[in-house]
Amino acid sequence: MAAPQPTDDPSTGGPQSDGANRSADLLAKADLFSGVDRVTLAKLAANLDPVSFAKDEAACKQGEVGDSLYLVSEGTFGVFISSESDPRLVRVATFGRGACFGEMALLTGEPRSATVLSDGAGELLRLDHERFQELVRKDPGIGLALSASLSRRLRTASQNIKESDAAVRRQVDRQLASVPASLRSRILQASLLDESDAAALRALFGDETAEVAEQLTAFGAVKGKLPPPIARALSEALVKEAGAEGVRAFVHDAIEPLAKAGSWRNALTLAGTYADGPAVAALLARALRGADKLSSELAAPWLTRLSDEAAADDAVLAVERAAVHSQQGAPEAALRLLRRALPLAHTRSDPTAIALIEAAVTRHTEVAGAIERAKPRESPRLAILWSNLRANPSRFAAVTLSILLIIAAIFTSPFSKAGAFVLLLGGAIALWIVAILPEFVVYLGLVISWVFLGIAKPAQAVAGFGSTSWISILAILAIASALSASGLVYRLGLMLIRRLPQGLFAQGAACMGSGLGLTLMVPSSTARTRLILPTALAAAQSQRFKDRSPESAFLGLAAFIGASPLLYIFLNGSSSNFLGLGLIPEASRARFDLAYWFVAAAPLALFTAIGSLGILWVILRPGKTEQMSHQRIDLQLSLLGPLSAREISMAVILALMVIGFNVGPSVGISTGVVGLASLVAAALVGCFNRQSLQALNWDFLISYGVILSLPPIISALGIDATIAHALGGLLGGAQFSPLVFVLAIAVLNLAVRLLLPDDQTLLLLSIILIPVAPVFGVHPWVVVITLLATFTLWLLPTQTSSYAVAYEASEGRLFTQGQARKACIGFIAVTLVGLVAVFPYWRWLKLIGPTP
Ligand code: CMP
């Protein structure tokens, strides 16, 4: 086994050990992975478990269920096959370094086709079934490589069969020479039988049965069955001696006596090779009737070979073949066949046949009906919606409410555009709560109804799509996808674990810190979570922490909190940040470029980060840790190789984009232009293409365009002023301190988030609260940041998609839902304290206090 070689110098970050280099070389050169790019390969390596073997130890056993694929990394392994007639293991192949096996069971779902034993001390890299499937799905090249390797194996196996058949033939010829002449032709004829049982032999050879059976045993027959190579050699000798015509004549004469003796399998085997279709069908029909009839199970292979046309002619055949169709999951085919057979039975006026077929029709109709009901329907979207609604009363209520609100909006619009706008928004919210339609559909529905009811002009309704913010977010999403395609982000994650400090608290801080750092590059909390959580899992595993132990949970939850709930630290960190910013009136938005956003938001984020770490430590009480092994990380880094030109280009593009976003506007270059230039540059260096463009989150981009159109429409309708006036009056003006107002926003947000998804909560509460904020001396941005800081919650496992991703990406092995829930409560508490703590700072930034 390649011993882990931890280096003393973690600062280099590059390929670290000989073992890792050797394994990387192995993976890169393995046939199976020849078409796979290096980033995918490095990700794959995280899922390869090295397993050591002693001499003669089995990696897999013939006949067992297979759940993994193996790649030989050290030593050689022999492939052995045994058979029913010969249980000894025969070596059919030998695998050396770089070879891959175990794919057959994974691809076919059948048991292992061979036993694989280690020739000496050896090591395999094991890939489990799920990852294998995922890999084959993602990378069609792997499927091709596998079929090439299977074809090679098949060719070698055929060649081997040919060679061993030749040897068997020579041996059989020698043995035949000693068989008494009178028995010789009998032995050759018996070789054509599927099973030379006593009944069959007696039917064919009468008094000679005992001698023939004895001779067959001498040729290796076990329970009347000859080993296939010997049977092949004997029947070849028969053809040579009797000629094709002679064989045909024997078969022709043999079928009837065999059938009479009830030796149906033999009769059918002979008929199947030498008789025509109708004759076989007729024989099969007889075999399925009568006293010693052939069981349906044994008849299945012949029934499968039969055509529906041949089967329809006979009621029993039709019914039995229909049953085979049904077992193969095609009850419609069964019904088609039976409906074809029924009129034929009527023409023959055969009441038994008619009754038999009719009974089968009833049976299969029920089966087909049940399958049909269980099938996911391919019906139009509206039909699915309708059945969805009928099944779920709360959804039904929400949709009814939404329709009523829309109707009310139609009637209100001639008198009050603002009223109609609010009613429509209410209708949309009802639909968002039940999540019955994709978000963008509801947003586009809003656009249509604004225009239709004269609430906004068409150009106003879609103005958001032309805004700088929309173009910037398009560019940011594109650059994030390009960064990840270049492998740079993945490399940073690996380098992070490679350099993780020894103490657990410091490791948690590093995991959290790297999530926070990625916020600048990856503008999606879900994507960051997907990147960081496997890293935390790898760190936990390399220190052999138990699954869901306090230590694992500490690393996992620290990583998650850094990657997702603190998304507001950089403006770039989430589309929700842009959404919030888009909802702030134009004038107040102006000063929030990337840098100023960070200056204003970082203290709260950092306070919450440090506080959460402390709380996690207290809640989870992790214990002592061990020295960690870097073997796998080194392997992954080796596979990535040195920094590629694309990674360097993307790092430069990212840096220029961040600088451009901050400096551009002051020298007259719009951030939109900076964004588009970065996107074009990413495309030019080959990290962004048509597919990546299509893969962008268009659901969000479309929704976001509509959201950006909202603030001007709201102002034009005077809704903000009305809300400010009404709420201001209601709450008694400035009698509340700004701090109480901000804490109330947080608490309100926590409550609404139990009902609404994050972005919709942000939208709704911003629309209501931003207009009143100045009344309390609070800048609209503070409203937005408070909402953002308290909207990633995971009290319920489905409350936030990034939490679900965290749980899934950690394979459920880092933390339990219970541990996470406690962490969430801790996080909320720390955030509320944080809001109080940063208040003086925001006051100093003039974000709190009388509006200038
Ligand atoms: P599987 O059937 O999953 O498990 C045993 C593995 O041995 C099988 O996949 C192949 O990878 C390999 N194997 C089986 N038969 C042969 C053969 N004739 N030649 C080479 N490899 C084989």
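Coordinates for the structure precede this section.
What you are looking at is a predicted structure, and each value in this text was computed from that prediction instead of being measured.

Asker: Tell me about the overall build of the chain, residues and numbers included.
Answerer: Check the secondary structure of the chain and you find 40 helices and eight strands. Relative to the globule expectation of 29 Å for 852 residues, the C-alpha radius of gyration of the chain, 37 Å, shows a markedly less compact shape. If you line up the chain on its principal axes, its C-alpha atoms span 120 × 75 × 50 Å. Out of the 852 residues belonging to the chain, those deemed buried represent 48%. Here the contacts in the chain between residues at least 6 apart in sequence split such that 76% fall between residues at least 24 apart. Of the accessible surface of the chain, which amounts to about 39100 Å², a share of 62% is contributed by carbon and sulfur atoms. Charged side chains of the chain number 70 positive and 65 negative; the gap between the two group centres comes to 7 Å.

Asker: Before we move on, can you summarise helix 32 (residues 671–684) with the specific residues and values?
Answerer: Along its 14 residues, helix 32 runs 20 Å from first to last C-alpha, staying within 8% of the 20 Å computed at 1.5 Å per residue. The complete set of buried residues in helix 32 reads Thr671, Gly672, Val674, Gly675, Ser678, Leu679 and Ala682. Along the axis of helix 32, the buried residues cluster in a sector spanning 165°; they form a single face. Buried-residue contacts for helix 32 involve helix 22 (468–486) and helix 31 (645–663). N-cap assignment for helix 32: the residue whose side-chain oxygen lies 2.9 Å from the backbone N of glycine 672 is serine 670. Immediately downstream of helix 32, the backbone of glycine 686 shows phi near 85°, a positive value.

Asker: Talk me through the sheet that holds strand 5 (residues 90–95); I want residue IDs and the actual numbers.
Answerer: Spatially, four strands are ordered 2-7-4-5 in an open sheet, and the strand pairing comes out antiparallel. Each edge of the open sheet is held by one strand with a lone partner, namely strand 2 (58–60) and strand 5. Direction aside, the axes of adjacent strands within the sheet are offset by 30° on average. Alignment of strand 4 (residues 77–81) against strand 5, held across five bridges, turns out to be antiparallel. Residue pairing in the sheet places phenylalanine 80 in a bridge with arginine 91 of strand 5.

Asker: How would you summarise unusual backbone geometry if you had to cite specific residues and measurements?
Answerer: Positive phi is not limited to glycine here, since aspartate 56 has a value of about 65°. Relative to the assigned elements, aspartate 56 resides in the loop between strand 1 (49–53) and strand 2. The phi torsion at lysine 846 lies on the positive side, around 65°, for a residue other than glycine. Summarising the element assignment, lysine 846 is placed in the segment after helix 40 (817–844). By relative accessible area, which is 64% here, lysine 846 ends up exposed.

Asker: Break down the packing of helix 29 (residues 594–620) against helix 38 (residues 780–789) for me, with residues and values.
Answerer: As a packed pair, helix 29 and helix 38 sit with axes 12 Å apart at the nearest point and diverge in direction by 45°. In this view, helix 29 runs oblique relative to helix 38, as classed from their interaxial angle. Of the two possible hands of crossing, helix 29 and helix 38 adopt the one that is right-handed. Along the contact surface, helix 29 presents Trp597, Ala600, Ala601 and Leu604, while helix 38 presents Trp781, Ile785, Leu788 and Ala789. Partitioned by chemical class, the residues of the contact of helix 29 with helix 38 number eight nonpolar, no polar and no charged.

Asker: Describe the pattern of salt bridges, listing the residues and the values that go with them.
Answerer: Overall, the coordinates contain 18 salt bridges when judged by the stated rule. Here arginine 265 and aspartate 194 are joined by a salt bridge, their closest N and O atoms 3.3 Å apart. Of this pair, arginine 265 sits in helix 10 (residues 264–274) while aspartate 194 sits in the loop between helix 6 (181–190) and helix 7 (198–205), and the two are 71 residues apart along the sequence. By relative accessible area, aspartate 194 is classed as partly exposed at 22%. One network of salt bridges, with partners in common, ties together Asp194, Glu195, Lys225 and Arg265.

Asker: Explain the pairing of strand 3 (residues 68–74) to me, using residue names and the numbers behind them.
Answerer: Counting buried residues along strand 3, six of its seven residues qualify, which places the element largely inside the surrounding structure. Here six bridges tie strand 3 to strand 8 (residues 122–128), and the two strands are oriented antiparallel to one another. Residue tyrosine 70 lies in a different strand from strand 8, and its bridge partner there is arginine 126. When strand 3 meets strand 6 (residues 100–101), the two strands line up antiparallel, connected through two bridges. In the strand pairing of strand 6, tyrosine 70 is matched with phenylalanine 101.

Asker: Give me the sheet that holds strand 6: which residues, what numbers.
Answerer: Across the sheet, four strands lie side by side as 1-8-3-6; this open sheet has antiparallel pairing. Whereas interior strands pair on both sides, the edge strands pair on one side only; in this sheet they are strand 1 and strand 6. Note: strand 1 against strand 8, five bridges, orientation antiparallel. Bridged to serine 52 within strand 8 is glutamate 123.

Asker: Could you give an account of the site of the ligand, naming the residues involved and the relevant values?
Answerer: In the region of the ligand, 15 residues are neighbours, and Gly102, Glu103, Ala105, Arg112 and Ser113 sit closest. At 2.8 Å, a backbone N or O of alanine 105 approaches an oxygen atom of the ligand. Compared with its free state, where it exposes 450 Å², the ligand has 93% of that area covered by protein. Of all the secondary-structure elements, those providing two or more residues to the shell around the ligand are strand 5 and helix 3 (103–108). Within the shell around the ligand, the residues separate by chemical class into ten nonpolar, two polar and three charged.

Asker: Tell me about the packing of aromatic side chains, residues and numbers included.
Answerer: Given two aromatic rings, one states the distance between the centres and the angle between the planes to describe the pair. On inspection of all chains with the given rule, the structure shows 25 aromatic pairs. Here the aromatic rings of tyrosine 803 and phenylalanine 815 are separated by 6.1 Å at their centres, their planes lie at 35°, and the arrangement is tilted. Taken as a pair, tyrosine 803 in helix 39 (residues 801–809) and phenylalanine 815 in the loop between helix 39 and helix 40 lie far apart in primary sequence, twelve residues in all. In this pair, the class of tyrosine 803 matches that of phenylalanine 815, namely buried. Linked through ring pairs, Phe560, Trp794, Tyr803, Tyr807, Phe815 and Phe827 together constitute an aromatic cluster.

Asker: Which residues make up the nonpolar core, and what are the values?
Answerer: If you look at the biggest cluster of nonpolar residues, it comprises 185 residues, and the most contacted ones within it are Phe33, Trp450, Tyr568, Trp781 and Trp842. Per-element tally for this core: the top contributor is helix 29, with twelve residues. Ignoring any residue separated from it by four or fewer positions in sequence, one finds phenylalanine 33 in contact with Leu27, Leu41, Leu44, Leu71, Leu135 and Ile142. If you look at the next biggest cluster of nonpolar residues, it comprises 70 residues, including Leu204, Leu226, Ala259 and Ala285.

Conventions we followed
Residues numbered from 1 in each chain as written. Predicted model: local features only at pLDDT ≥ 70, side-chain atom pairs only at ≥ 80, totals over all residues. Heavy atoms only, no water. Helix = DSSP H or I, 4+ residues; strand = E, 2+ residues; numbered from the N terminus. Rg over C-alpha atoms; globule rule 2.2 N^0.38 Å. Buried < 20%, exposed > 50% of the residue type's maximum accessible area, 1.4 Å probe, protein only. Contact = heavy atoms within 4.5 Å. Areas by Shrake-Rupley, 256 points an atom, 1.4 Å probe, with all protein chains shown as cover. Lys, Arg positive; Asp, Glu negative; His and termini not counted. Charge placed at Lys NZ, Arg CZ, Asp CG, Glu CD. Expected span 1.5 Å × (residues − 1). Arc of directions from axis to C-beta. Polar contact = N/O pair within 3.5 Å; in protein donor to acceptor, adjacent residues only side chain to side chain. Pairing = 2+ DSSP bridges. Axes fitted to C-alpha atoms, helices over the stretch in contact; angles between N-to-C directions. Parallel < 35°, antiparallel > 145°, perpendicular 65-115°, else oblique. Left-handed = near helix turned anticlockwise from the far one by under 90°. Nonpolar A, V, L, I, M, F, W, Y, C, P; charged D, E, K, R; others polar. Salt bridge = Lys/Arg side-chain N within 4 Å of Asp/Glu carboxyl O. Near = heavy atom within 4 Å. Phe/Tyr/Trp six-rings, centres within 6.5 Å; stacked < 30°, edge-to-face > 60°. Core = buried A, V, L, I, M, F, W, Y, C linked by side-chain atoms within 4.5 Å.

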